[in-house]
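Spelled out, the chains give:
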Amino acid sequence: MEHVMLTKLREAGCDMDGTLERFMNNEMLCMKFLRKFPKDATFGAMEEAFAEGDAEEFFKAAHTMKGVSGNLGLSCLYDEMQPAVEKGRRGELPTQDDMDKIKKQYDQIIQIITENE
């Protein structure tokens, strides 16, 4: 029986099937990495760079966050990160609306992970 965290992430739009496949269907290993996600400092670094208007640092953190979310199958966050990363690649910052959408997805994922360990 699948762990409730994976089920809830799937219901939130995450690709848990693909993630489990990347982890060779080892649910416990997958869960181990998902549980580390809330402790990762990248999101905070991204928010800080945005607040400071630092497009270069924003891009570095956003690109990392997009990669991590993609590898963990957190597609709903990955999809929101795409436009922000592309803006960062051009030396631009995303809009506040872009950041609000990203934060909403991030917070939802963090809540699911922390409430369903």
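Residues numbered from 1 in each chain as written. Predicted model: local features only at pLDDT ≥ 70, side-chain atom pairs only at ≥ 80, totals over all residues. Heavy atoms only, no water.

Enquirer: Provide a residue-level description of the packing of aromatic side chains, including the pertinent values.
Expert: Across all of its chains, the model carries four aromatic pairs by this definition. Relative to Y106, the ring of F43 has its centre 3.7 Å away and its plane inclined at 5°; by these criteria the two rings are stacked. Here F43 is found in helix 4 (residues 42-52), whereas its partner Y106 is found in helix 7 (residues 96-115), with 63 residues between them in sequence. This pair shows no difference in class: F43 is buried, exactly as Y106 is. (Phe/Tyr/Trp six-rings, centres within 6.5 Å; stacked < 30°, edge-to-face > 60°. Helix = DSSP H or I, 4+ residues; strand = E, 2+ residues; numbered from the N terminus. Buried < 20%, exposed > 50% of the residue type's maximum accessible area, 1.4 Å probe, protein only.)

Enquirer: Kindly report on the nonpolar core, identifying the contributing residues and their values.
Expert: It is characteristic of soluble globular proteins that their nonpolar side chains tend to be buried jointly. One finds L9, L34, F37, M46, L74 and I109 to be the most contacted residues of the largest nonpolar core, which totals 34 residues. Looking at this core, the elements that each hand over two or more residues are helix 1 (4-11), helix 2 (16-22), helix 3 (27-36), helix 4, helix 5 (55-71), helix 6 (75-89) and helix 7. Looking at this core element by element, the count peaks at seven residues for helix 7. I109 has contacts with L9, C14, F37, L74, C76 and L77, leaving out every residue within four places of it along the chain. (Core = buried A, V, L, I, M, F, W, Y, C linked by side-chain atoms within 4.5 Å. Contact = heavy atoms within 4.5 Å.)

Enquirer: Which residues make up unusual backbone geometry, and what values do they have?
Expert: For M24, which is not glycine, the phi dihedral falls at a positive 55°. As for its position among the elements, M24 is in the loop between helix 2 and helix 3. With a relative accessible area of 73%, M24 lands in the exposed category. The phi dihedral of N25 falls on the positive side, at around 60°, and the residue is not glycine. Within the secondary structure, N25 is located in the loop between helix 2 and helix 3. By relative accessible area, N25 is classed as exposed at 60%.

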